[in-house]
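Overview (structure and organization)
Okay, here's what each chain looks like letter by letter:
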Amino acid sequence: MANVTFLEAVAQAQREEMARDESVFLMGEDVSGNVYGSSGGLLDEFGPQRVLDTPICESGFTGVAIGAAMVGMRPIVDYTIASFMYLATDQLVSMAAKSSYMYGGQTHIPAVFRAAMFYNGGIAAQHSDRNYSMYMNVPGLKVVVPSNPYDAKGLLKTAIRDEDPVLIFEDGNLWGQKGEIPDEEYLLPFGQANICHAGSDVTIVAIAARVGESIKAAEALAKEGISAEVIDPRTLVPLDTATILESVAKTGRLLLVDQGHRTCGAAGEIAAMVAEKGFWNLQAPIKRLTAPDMQIPFSSALERGFYPDAAMIALAARELFEE
Amino acid sequence: MCAAVNFNISYWGGMSVDQSLLLEMYRRMGLIRHFDEAVQKLFNSGRIPGSAHLSIGQEGEVVGACMALREDDYMVGNHRSHGHPIGKGAGVNALMAEILGKATGVNQGKGGSMHLADFSVGSLGESSIVGSGLPVAVGAALGSQMQGNDRVTLCFFGDGASNQGYFHEAMNMAALWKLPVVFLCENNGYGVTTPNNRAAALEDISARAAGYGTPSSIVDGQQCLEVYDAVTEAVERARRGDGPTLVEAKTYRYHHHSEGPLYDNMTYRSDEELAAWKLRDPLLLFREQLADSVAVADLDRMDEQVKQDIAAALEFAEQSPLPEPEEAYTHLYRTPVAVNEGELSNG
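Reading the values: rules and limits
- Residues numbered from 1 in each chain as written.
- Chains lettered and ligands numbered in written order.
- Predicted model: local features only at pLDDT ≥ 70, side-chain atom pairs only at ≥ 80, totals over all residues.
- Helix = DSSP H or I, 4+ residues; strand = E, 2+ residues; numbered from the N terminus.
- Buried ≥ 20, exposed ≤ 12 C-beta atoms within 10 Å, placed from the backbone.
- Contact = placed C-beta atoms within 7 Å.
- Pairing = 2+ DSSP bridges.
- Nonpolar A, V, L, I, M, F, W, Y, C, P; charged D, E, K, R; others polar.
- pLDDT = per-residue confidence, 0-100.
- Axes fitted to C-alpha atoms, helices over the stretch in contact; angles between N-to-C directions.
- Left-handed = near helix turned anticlockwise from the far one by under 90°.

1. Thoughts on the overall build of chain A
From N to C terminus, chain A includes twelve helices and 14 strands. Seen through its C-alpha atoms, chain A measures out along the principal axes to roughly 60 × 40 × 40 Å. By the burial criterion, 59% of the 323 residues in chain A qualify as buried. In chain A, once contacts between residues fewer than 6 apart in sequence are set aside, the share between residues at least 24 apart is 79%.

Structure (structure tokens):
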């Protein structure tokens, strides 16, 4: 086992897959310079074509990745910041997501699109998006939200070998977090949730950095005699509905914790799924904790409190037991 | 198919072209014309849902450009998608079946008229989002460069697409990385009903190539061989690693942007203008050019063969089954996942 940061785990996945398969290459703005720390050493090992710096043109270089994928390459596109994906959204939606279907399976797009979410850090409205939910609404894309170094590496390796376009939303607040990963190779399958903290009284489904906060909340609740089960879906598309429904069947209570906005968000989608398929197991109304439907302010005095932390999660869980 | 007679001839361009190549050009131009005339009839009789954008009038530049490619080269097109794959050598049966939404269609009924791409002949997609194919073509060329093969990618786009940001981004990256791509602007003068001079400050789209240090040329898009010459030179440049070229073909569509009553009473272009361009019909011009080198009887035989091929394609398409409803749920992903198929309610 090795104790590595989230970002080191990402870097390992990229290096291992590039060494394994010469069709895998990395592209994006400033990737050769390793500005953020996920591409260190790759330039020396693989050269400038496979660690390809692009001009600042997200829509164009996303199209380039898609075209390269059509002819047998496996690009990993690094957007650095998830907010920049909006420039590329026509290509992601109209080309990446639709080409396999629209051309009747004649082609497919094995490409990975990595985007980091930097929020709660004073970078204001245009750099703080947590926008995975938008892309859940696009059939043809797969949406991955790792919450720790082990998952980040295993899910990224799976994404690179997947034959379809995969969007990986990395929580920038977790990049420096350390965790144990095995020395031997491993991959994590898509569509398999992780039960991070077993419990029997309330189910907490949390996304990305909210998973850690929810585990802390579960530990606090345990001291009060409330047994909380924390589930990390790991991938939002495909979503492991079975694990969530089984947990709710056991606990009868569901709390969703999501740093994304509230309306049409991942939390809302999971809530609707459980309301449709697990309603008769519920002993209390489903509860969502999300960021407000508000733009992200610059001042920490204003942004503080936008994202559910352990105390807020514990409080919300307790409320599920009130009559 | 007519017997290939492999002697070399010269034509006005000074380049020697194999006679069988000339006949193949003539055949493909005829196929596009007759294919689209058949589509027009189907559309007018209500057999085709949605829209149909015909290539009639533009066959010269489509075929001239495609025939400059090798079979294993790539081609990316756009919403006016019927001509491009035929130009690249696609069989017409699966294309016609696709137009009618049949299971035997090239996209198994999932793409339709705006997306007739036949990947088996290197046609990498016909996208109906204007301009979006430009960076995809650059990506295919990047792939070829990385894989160390010498394939070239030809990208068709219109005058309208040249005003999208995609055009700038694609030209810049292709030039920056010296990628083997040929940009073929089909300048037919109009984006739907807006004339190019109301959409762009410069008349010639090719002038923009200088901004990327990319060579460019303007050709008469009604003259198949003129396009063939320019694109052949561009393909050679791309194949030897010297980067992209922009070729602007001045052409015209004889039909409106798309079929249907929407444009019936539109006055965005004059009858005189249309009539003048019809005098320069690419098929007629090409036939005249071939008169000295190909026997009229051979051309007539080819015309007859093309008509039979289109009739057979119509027959094939008509006789083909519709896709089974459950096929609506296939091809979304290549690596399968459980898909939420929704719950349909009909009350």
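2. Observations regarding the pairing of strand 8 (residues 178–181) of chain A
All names here are of chain A. Burial of strand 8 is one-sided: the residues G179 and I181 facing one way are buried, the residues K178 and E180 facing the other way are not. Note that strand 1 (residues 2–5) and strand 8 share four bridges and pair antiparallel. Paired with V4 across the bridge in strand 8 is G179.

3. With respect to helix 2 (residues 59–66) of chain B
Counting buried positions over the eight residues of helix 2 of chain B gives eight, a clear majority of the element. Those residues of helix 2 of chain B lying buried are E59, G60, E61, V62, V63, G64, A65 and C66 of chain B.

4. Some remarks on the pairing of strand 4 (residues 74–81) of chain A
Residue and element names in this part refer to chain A. With seven of its eight residues buried, strand 4 lies for the most part within the structure. Across five bridges, the pairing between strand 2 (residues 24–28) and strand 4 is parallel. Residue pairing for strand 4: F25 is matched across the bridge by P75. Here strand 4 pairs with strand 5 (residues 112–117) via four bridges, running parallel.

5. Overview of the interface of chain B and chain A
Each side of the interface is counted separately: chain B has 39 residues, and chain A has 39 residues. Among the secondary structure elements, those contributing two or more residues to the side of chain B that touches chain A are strand 4 (123–127), helix 5 (133–147) and helix 6 (165–176) of chain B. Examining the composition of the side of chain B that touches chain A, we find that eleven residues originate from one element, helix 5 of chain B, more than from any other. Looking at the side of chain B that touches chain A residue by residue, the class counts come to 21 nonpolar, 15 polar and three charged.

6. A closer look at the confidence of the model for chain B
All names here are of chain B. Per-residue confidence for chain B gives a mean pLDDT of 92, with 92% of residues at or over 70. Predicted confidence for residues 1–15 stays below pLDDT 50, and this span has 26 contacts to residues more than four positions away or in other chains. Here the complex is predicted with pTM 0.95, and the ipTM for its interfaces comes to 0.96.

7. A closer look at the sheet that holds strand 3 (residues 51–53) of chain A
All names here are of chain A. Reading across from one edge, 3-2-4-5-7-6-12 is the order of the seven strands in this open sheet, with mixed pairing throughout. Two strands bound the open sheet, and with one partner strand each, they are strand 3 and strand 12 (235–237). Strand after strand, the sheet turns through a mean of 20° between neighbouring axes, direction not considered. When strand 2 meets strand 3, the two strands line up parallel, connected through three bridges. From the neighbouring strand, G28 faces strand 3, where its bridge partner is D53.

8. Brief notes about the packing of helix 3 (residues 58–70) of chain A against helix 6 of chain B
It is at 9 Å that the axes of helix 3 of chain A and helix 6 of chain B come closest, and there the two elements cross at 65°. In this structure, helix 3 of chain A crosses over helix 6 of chain B, and the sense of that crossing is right-handed. When helix 3 of chain A is examined against helix 6 of chain B, the residues S59, G60, F61, G63 and V64 of chain A are found in contact with a partner set consisting of G165, Y166, E169, A170 and M173 of chain B.

9. What to know about the sheet that holds strand 9 (residues 194–197) of chain A
All names here are of chain A. Spatially, five strands are ordered 9-11-10-13-14 in an open sheet, and the strand pairing comes out mixed. One side of each edge strand has no neighbouring strand; the edge strands of this open sheet are strand 9 and strand 14 (287–290). Along the sheet, successive strands turn relative to each other by an average axial angle of 25°, direction set aside. Relative to strand 11 (residues 228–232), strand 10 (residues 202–206) runs parallel, the two sharing four bridges. Bridging from a neighbouring strand, I204 pairs with V230 of strand 11.

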